[in-house]
Amino acid sequence: MRLTASNLLDRYLFRQVVSTFGGMLIAMMAVVLCVVALQELDVVTNQGAALMTFAVLTALSMPQMLSMMSPIALFLALLMTLNRLSADSEIVVVNASGGSPLGLLRPLMAAAFVVSFILGSFAHLVVPQAQNAWRFIISDVRADLLATVVREGTFSTLQDGLTFHMGAREPGGVLANIMIADTREYPQEIIYFADRGSVLRGENGSFLSLEDGVIQRRTLSGSGRLSTAYLYFDSYSIDLSFADGGDGPTLFKPSERTTAYLLNPDPDDVFFTHHRGRLLAELHNRLALPLYPFGYAMIIALSLATPHSARSGRGKRVLSAIGGGVVLLCGQLSSYSLLVNAPFLFPVIYLVPLLVVGLGIYALSRRIDPFEVVAQTISHLFERKARVA
């Protein structure tokens, strides 16, 4: 098969973007790995877990981080590649030889498709399984901590905002005079008191079963008024992963649910009953996530794929591209937050990237330079203001 100049340019750009994306992603993940490792180090230092457990927990935290970092790494890779071509006047040469901004868009979208495939695979297959595995392992670690490591009469920190205390350890693994203080959602505080409790292990993880106790919930209102409520119980179970309040085996976070479950949740699921918006927001976020790499690619193409000389403010175009990427990211996060409280607005999270791509294709096909349009509009506004003055 004979390669044309257009094919060669597509392959060249695709290789440049993918190689830069790989290097950028490795560098970003190395930094994130250090941060995650420092967080998980608490499992070894304060909770007595083995180094192998620490390594497994760190590895299980990485898929979600990779899903978050991949679009950013793609955006930076596209920005660096197009900016380099612009600095070397290669874009001007391509257009002078009969090329077009739409032609430059093809390899960028091909690279975006690769990242989109990675995001979709991780969001639907890898991340939920990794989150589930992390939950079970951390609950087992804390079960071992409570059953064998925690000393009588001392206060132990299970995680930030969670303090555990027991008065005595009785025969048969029974813990006496238990107190657990949960201040993670300050100004709301939850304090558990129980005469006794025991650690139970099952297929859904490890739980602390409390008997004969009371739950004290204290909330500080914006006006400074403190309200307190009490709930007495004969028996109560706390999930030792302490996810979403840690109450009971059915309260799995939306990120821990499979896509199949999110599409058809159990109507008796306690979390689904009380937090339906969060489950639906997670579902639509997973489905829409692969669309956003195409939006980032389009923003870079609109800013830097149009021909311009090196003296026409390339730095301003780079800044405009960064600003567009930030706006798109904010649009994604805002859409997710919006769906939590208003699930019926789910089309918004899909329309944000699709509108960027659609309007971008229209602008590139008509050879409209958005940067020049915005610059001219601002210039006219200032001129009109000066005339009025």
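Here the structure is a predicted model, which is why all the values come from computation and not from measurement.

(A) Expanded view of the nonpolar core. Ranked by internal contacts, the top residues of the largest apolar core, which has 52 residues, are F21, L74, L78, L82, L108, M298 and I300. Contributions of two or more residues to this core are made by α1 (5–45), α2 (51–87), α4 (101–149), α7 (276–288), α8 (292–304), α9 (314–341) and α10 (347–365). It is α2 that contributes the most residues to this core, 11 residues altogether. Contacts of L74, omitting those with residues within four sequence positions, involve V17, F21, A111, A112, V115 and P293.

(B) Region of the structure containing the side chain of R317. The residue R317 is located in helix α9 in this model. Owing to a relative accessible area of 0%, R317 belongs among the buried residues under this scheme. Only 3.2 Å separates the side chain of R317 from the backbone oxygen of S303, close enough to count as a polar contact.

(C) Quick peek at the pairing of strand β3 (residues 174–182). For β3, the tally of buried residues reaches seven of nine residues, placing the bulk of the element in the interior. Both strand β2 (residues 162–170) and β3 contribute to a ladder of eight bridges, which runs antiparallel. The residue bridging T163 from the neighbouring strand is A181, located in β3. Linkage of β2 to β3, two consecutive antiparallel strands, is achieved through a turn of three residues, within which G172 is found at a positive phi near 80 degrees.

(D) Spatial organisation of the packing of aromatic side chains. For the structure on display, the rule yields three aromatic pairs. A centroid spacing of 5.7 Å and a plane angle of 65 degrees characterise the contact between F75 and Y296, whose relative ring orientation is edge-to-face. Taken together, the residues F75 in helix α2 and Y296 in helix α8 connect sequence positions 221 residues apart. When its relative accessible area of 8% is taken as the criterion, F75 is described as buried.

What counts and how
Residues numbered from 1 in each chain as written. Predicted model: local features only at pLDDT ≥ 70, side-chain atom pairs only at ≥ 80, totals over all residues. Heavy atoms only, no water. Core = buried A, V, L, I, M, F, W, Y, C linked by side-chain atoms within 4.5 Å. Buried < 20%, exposed > 50% of the residue type's maximum accessible area, 1.4 Å probe, protein only. Helix = DSSP H or I, 4+ residues; strand = E, 2+ residues; numbered from the N terminus. Contact = heavy atoms within 4.5 Å. Polar contact = N/O pair within 3.5 Å; in protein donor to acceptor, adjacent residues only side chain to side chain. Pairing = 2+ DSSP bridges. Phe/Tyr/Trp six-rings, centres within 6.5 Å; stacked < 30°, edge-to-face > 60°.

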